[in-house]
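One-letter residues, chain by chain:
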Amino acid sequence: MGIFAVKTTASQERTVADMIMNREEPSIHAALAPDSLTSYVMVEADDDAVFERISDEIPHMRGVVQGKSSIAEVEHFLSPKPDVEGIAEGDIVELIAGPFKGEKAQVQRIDESKDQVTVELYEATVPIPVTVRGDQIRVLDSEER
């Protein structure tokens, strides 16, 4: 048993993964189509012979990369990336959701464990710290760049 890289047409990775899993092949255990991996689907299967049987029946499937991967090689695709990654204190951000949508703010504090950012609104007459989720902001200007 191993993890095989299946080559696909660009932007059809999720479709191919769904079709592979819908085939109900006993030797195929899982399929993964990570957003960060273009034109490939990672498939856990007993051996690569199963792909020769199904490749003609699955549109957008272009073949299988020779050899197999270990779980350690695909492990980084399995853990979600925190939303606050890439945000630093002092960055200028725009709030893209919530009651302050469209407001610009400066990052004061980052709580990676809760995936939250505390920002101070720019246009406010009195500086009020506002805590928002990491997916509710977009970095406009970073001090590090």
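The shown structure was predicted, so the numbers you read here are calculated from the model rather than taken from an experiment.

Draft legend 1. Spotlight on the overall build of the chain. Looking only at helices and strands, the chain has 3 helices and 9 strands in total. Counting helices and strands in the order they occur from the N terminus, the chain gives β-α-β-β-α-β-α-β-β-β-β-β. What you see for the chain is a C-alpha radius of gyration of 22 Å, clearly larger than the 15 Å of a compact globule of 145 residues, by over 25%. Along the three orthogonal principal directions, the C-alpha set of the chain runs to about 65 × 25 × 25 Å. Contacts in the chain between residues at least 24 apart in sequence constitute 55% of all its contacts with a sequence separation of at least 6. Averaging the coordinates of the 14 positive side-chain charges in the chain and doing the same for the 29 negative ones gives two points 4 Å apart.

Draft legend 2. Structural context of the sheet that holds strand β7 (residues 116-121). Strands sit in the order β8-β7-β6-β5-β9 across an open sheet of 5 strands; the sheet is antiparallel. Edge positions in the sheet fall to β8 (129-133) and β9 (137-141), since each of these pairs with one other strand and no more. For this sheet the average axis-to-axis angle between neighbouring strands, irrespective of direction, equals 45°.

Draft legend 3. Highlighting the sheet that holds strand β2 (residues 28-32). Here 4 strands make up an open sheet; going across it, the order is β2-β3-β1-β4 and the pairing antiparallel. Of all the strands in the sheet, just β2 and β4 (61-64) have a single pairing partner and so form its edges. Across the sheet, the mean angle separating the axes of adjacent strands is 30° when strand polarity is ignored. Note: strand β1 (residues 2-8) against strand β3 (residues 40-45), 6 bridges, orientation antiparallel. Residue I3 lies in a different strand from β3, and its bridge partner there is E44.

Draft legend 4. Structural context of the UniProt feature "domain: NusG-like N-terminal" (unreviewed entry) in the chain. Taking the UniProt record as the reference, the feature "domain: NusG-like N-terminal" (unreviewed entry) is found at residues 1-81. Overall, residues 1-81 shows 30% helix and 27% strand. The separation of its end C-alpha atoms is 28 Å.

Draft legend 5. Quick look at the domain arrangement of the chain. According to the domain assignment, the chain consists of domain 1 (1-75) and domain 2 (89-139). Between the C-alpha centres of domain 1 and domain 2 the distance comes to 40 Å.

Rules used in this analysis
- Residues numbered from 1 in each chain as written.
- Predicted model: local features only at pLDDT ≥ 70, side-chain atom pairs only at ≥ 80, totals over all residues.
- Heavy atoms only, no water.
- Helix = DSSP H or I, 4+ residues; strand = E, 2+ residues; numbered from the N terminus.
- Rg over C-alpha atoms; globule rule 2.2 N^0.38 Å.
- Contact = heavy atoms within 4.5 Å.
- Lys, Arg positive; Asp, Glu negative; His and termini not counted.
- Charge placed at Lys NZ, Arg CZ, Asp CG, Glu CD.
- Pairing = 2+ DSSP bridges.
- Axes fitted to C-alpha atoms, helices over the stretch in contact; angles between N-to-C directions.
- UniProt positions renumbered as here; feature names shortened; annotations may be inferred.
- Domains from an automatic or database assignment.

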